Amino acid sequence: MSRFWSTLVNKLTPYVPGEQPKLTSLVKLNTNENPYAPSPKVLQAMQAELADTLRLYPDPNGDHLKATIAKYHGVDKSQVFLGNGSDEVLAHAFAALLQHDAPLLFPDISYSFYPVYCGLFGVDYRQVPLDAEFAICVEDYDQHCGAIIFPNPNAPTAKLLPLAAVESLLQRHPEQVVLVDEAYIDFGGESAIGLVDHYPNLLVVQTLSKSRSLAGLRVGFAIGHADLIEALERVKNSFNSYPLDKVALAGAAASFGDEAYFQEKCQVIIATREQLSSQMRDLGFEVLPSAANFIFARHPQHDAAQLAAALRKHSIIVRHFKQDRIEQFLRISIGTDAECKLLVDALHKLLSV
Ligand SMILES: *Cc1c(COP(=O)(O)O)cnc(C)c1O
């Protein structure tokens, strides 16, 4: 609190991101980054931008990247919005599309940035409990609301809501925007992008941070009806005309040009995830079925916070949330096979003492 701060700032509770340690020797399984490098074609395209043309502003509309994403996903360019990471896309969506008189609905266990944006943009919200198996139950959203947002697969549970259930939600709320945050959809889910031409209330948000190994570049996008995109553009152009720099625009576009690399790395991560899940189950963990690049697991005999602290002593960092219903879970990002082996070996030691 400070008397110099605005009333708004005095009331904010900011988001706390997972640790980015300065020590590079740690096995970092805490923020769902991709363990593999970006495609060499992405790095080449970015290097080509490091030239005297950096004195010029980037394209404020990111036309080339928009066209690339539109073509990749089979939509019109007017249905694509770009942002500095999908967090920025989400922020603009809260201001442009999710703020109404009736409350915004999202799951009680979900991306913890949503309530933070509600605080920043003055959005009234209600959290809808996941069922006993940590699944989203679409019938539970049959209530008075202004809009709906949820991650699919959900974070931090890693659970996928089948596309038919997403469609049912869209049909149940024709007058409300339904925002599907697909940060992890490339690790085994089916995207709702194919539904945007049938549902003018659907906005799908994706990121290049996870499946495309570009968390450091900060590129995210939304796909929806041109009318929803225009609302986002209005907010963006009232805030920052150049959210994406030249290097980011070039690298992001190149990523969609290397489909083989993208598919290969996603498949490797999925295979590692399945192997790690089964090894953790053998160690006595309950592991929720994951369609993401992380798993959510608890051990019936071992306290999650203590396990996380003990793993850290073995130079392995995982994420633990001090939150109702999930305080006994650990969220573990899928690393390389070698990193996951270090984790399993450390757990073997910790659980047998
Ligand atoms: C990682 C993540 C994001 C943010 O991704 P950026 O594009 O890096 O900002 C958004 N939503 C969910 C659910 C995430 O896990």
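- An unreviewed UniProt entry lists the protein chain under the name Histidinol-phosphate aminotransferase, with Iodobacter fluviatilis given as the organism.
- The UniProt entry for the protein chain carries the following comment under Cofactor (unreviewed entry): "pyridoxal 5'-phosphate".
- Within the UniProt record for the protein chain, the comment given under Sequence similarities (unreviewed entry) is "Belongs to the class-II pyridoxal-phosphate-dependent aminotransferase family. Histidinol-phosphate aminotransferase subfamily."

1. Points about the site of the ligand
Moving on, step 1. Around the ligand lies a shell formed by Gly85, Ser86, Asp87, Tyr111, Pro151, Asp181, Ala183, Tyr184, Thr207, Ser209, Lys210 and Arg218.
Moving on, step 2. One nitrogen or oxygen atom from the main chain of Asp87 is found 3.0 Å from an oxygen atom belonging to the ligand.
Moving on, step 3. In the model, a nitrogen atom of the ligand is placed 2.8 Å from a nitrogen or oxygen of the Asp181 side chain.
Moving on, step 4. If the ligand stood free it would expose 390 Å²; the protein chains cover 93% of that surface.
Moving on, step 5. The cavity that encloses the ligand is the largest pocket.
Moving on, step 6. At 3 residues, helix 4 (residues 85–98) tops the list of elements feeding residues into the shell around the ligand.
Moving on, step 7. Here the shell around the ligand is built from residues that sort into 4 nonpolar, 4 polar and 4 charged.

2. Remarks on the sheet that holds strand 9 (residues 286–287)
Two orientations exist for strands paired in a sheet by backbone hydrogen bonds: parallel and antiparallel.
Moving on, step 1. Strand order in the open sheet made by the 3 strands is 9-10-12, with antiparallel pairing throughout. If you trace the sheet from one side to the other, it starts and ends with strand 9 and strand 12 (329–333), each paired once.
Moving on, step 2. Bridge count for strand 9 against strand 10 (residues 294–298) is 2 bridges, and the pairing is antiparallel. By the bridge assignment, Val287 is partnered in strand 10 with Ala297.

3. Here's the deal with the layout of surface pockets
Moving on, step 1. Of the pockets and cavities examined, the largest pocket occupies roughly 1000 Å³.
Moving on, step 2. Forming the walls of the largest pocket are 44 residues, and the residues nearest its centre are Tyr15, Val16, Pro17, Tyr111 and Arg319.
Moving on, step 3. Residue assignment for the lining of the largest pocket shows that the elements contributing at least two residues are helix 4 and helix 5 (113–121).
Moving on, step 4. No other element matches helix 5, which puts 5 residues into the lining of the largest pocket.
Moving on, step 5. Grouping the amino acids of the lining of the largest pocket by side-chain chemistry returns 20 nonpolar, 14 polar and 10 charged.
Moving on, step 6. Both domains that meet at the lining of the largest pocket, namely domain 1 (7–37 + 259–352) and domain 2 (40–255), each give it at least three residues.
Moving on, step 7. Roughly 210 Å³ of internal volume is contained in the second largest pocket.
Moving on, step 8. Lining the second largest pocket we find 13 residues, and of these Glu88, Ala91, His92, Phe121 and Phe239 sit closest to its centre.
Moving on, step 9. Contributions of two or more residues to the lining of the second largest pocket are made by helix 4 and helix 5.

4. A short note on the sheet that holds strand 7 (residues 202–207)
Moving on, step 1. As summarised here, the arrangement of the 7 strands in space is 2-8-7-6-5-3-4, forming an open sheet in which the pairing is mixed. Single-partner strands in this sheet number two, and they are strand 2 (80–83) and strand 4 (125–128). Strand-to-strand, the axes of this sheet are offset by a mean angle of 20 degrees, without reference to chain direction.
Moving on, step 2. Two strands pair when backbone bridges link them, and strand 6 (residues 177–181) and strand 7 are joined in this way by 4 bridges, in the parallel orientation. Opposite Asp181, over in strand 7, you have Val205 as the bridge partner.
Moving on, step 3. Lying on the sheet, helix 4 is in contact with strand 2, strand 3 (104–107), strand 5 (147–151), strand 6, strand 7 and strand 8 (220–224); it crosses strand 7 at an angle near 160 degrees.

5. Points about the pattern of salt bridges
Moving on, step 1. Under the criterion given, the structure shown has 11 salt bridges.
Moving on, step 2. The residue Glu19 makes a salt bridge to Arg312 at a minimum N-O spacing of 2.6 Å. Pair noted here: Glu19 is in the loop between helix 1 (7–11) and strand 1 (27–28) and Arg312 is in helix 10 (residues 304–313), with a separation of 293 residues, a long-range link.
Moving on, step 3. Here Arg312 falls in the partly exposed class, since its relative accessible area comes to 36%.
Moving on, step 4. The network of salt bridges with common partners includes Glu139, Asp142 and Arg172.

6. A word on the domain arrangement of the protein chain
Moving on, step 1. By the assigned domains, the protein chain splits into domain 1 (7–37 + 259–352) and domain 2 (40–255).
Moving on, step 2. Look at where the C-alpha atoms of domain 1 and domain 2 centre, and you get two points 24 Å apart.
Moving on, step 3. Contacts between the two partners involve 33 residues from domain 1 and, on the opposite side, 32 residues from domain 2.
Moving on, step 4. Carbon and sulfur atoms make up 65% of the surface buried where domain 1 meets domain 2, a total of about 2600 Å² over both sides.
Moving on, step 5. Interface area lost by domain 1 to domain 2 is led by Tyr15, Phe262 and Arg325, which between them contribute 26%.
Moving on, step 6. Taken together, domain 1 and domain 2 are joined by 1 salt bridge.
Moving on, step 7. Between Arg325 and Asp108 there is a salt bridge; the shortest N-O distance is 2.9 Å.
Moving on, step 8. Where the side of domain 1 that touches domain 2 is concerned, the elements lending two or more residues are helix 9 (259–282), strand 10 and strand 12.
Moving on, step 9. The biggest single contributor to the side of domain 1 that touches domain 2 is helix 9, with 7 residues.

7. Remarks on the UniProt feature "modified residue: N6-(pyridoxal phosphate)lysine" (unreviewed entry) in the protein chain
Moving on, step 1. In the numbering adopted here, UniProt assigns the feature "modified residue: N6-(pyridoxal phosphate)lysine" (unreviewed entry) to Lys210.
Moving on, step 2. By the secondary structure assignment, Lys210 is in the loop between strand 7 and strand 8.
Moving on, step 3. The residues contacting Lys210, other than those within four sequence positions of it, are Thr31, Asn32, Asn34, Ala183, Tyr184, Phe187 and Asn293.

About the thresholds
- Residues numbered from 1 in each chain as written.
- Predicted model: local features only at pLDDT ≥ 70, side-chain atom pairs only at ≥ 80, totals over all residues.
- Heavy atoms only, no water.
- UniProt positions renumbered as here; feature names shortened; annotations may be inferred.
- Near = heavy atom within 4 Å.
- Polar contact = N/O pair within 3.5 Å; in protein donor to acceptor, adjacent residues only side chain to side chain.
- Areas by Shrake-Rupley, 256 points an atom, 1.4 Å probe, with all protein chains shown as cover.
- 1 Å grid on protein atoms, 1.4 Å probe; cavity = no way out; pocket = protein on both sides within 12 Å on 5 of 7 lines; lining within 4 Å.
- Sits in = over half its atoms within 2 Å of the grid points.
- Helix = DSSP H or I, 4+ residues; strand = E, 2+ residues; numbered from the N terminus.
- Nonpolar A, V, L, I, M, F, W, Y, C, P; charged D, E, K, R; others polar.
- Pairing = 2+ DSSP bridges.
- Points joined across faces, edges and corners; volume = space filled by probe spheres on them.
- Domains from an automatic or database assignment.
- Axes fitted to C-alpha atoms, helices over the stretch in contact; angles between N-to-C directions.
- Contact = heavy atoms within 4.5 Å.
- Salt bridge = Lys/Arg side-chain N within 4 Å of Asp/Glu carboxyl O.
- Buried < 20%, exposed > 50% of the residue type's maximum accessible area, 1.4 Å probe, protein only.
- Buried area = accessible area lost by both parts, 1.4 Å probe.

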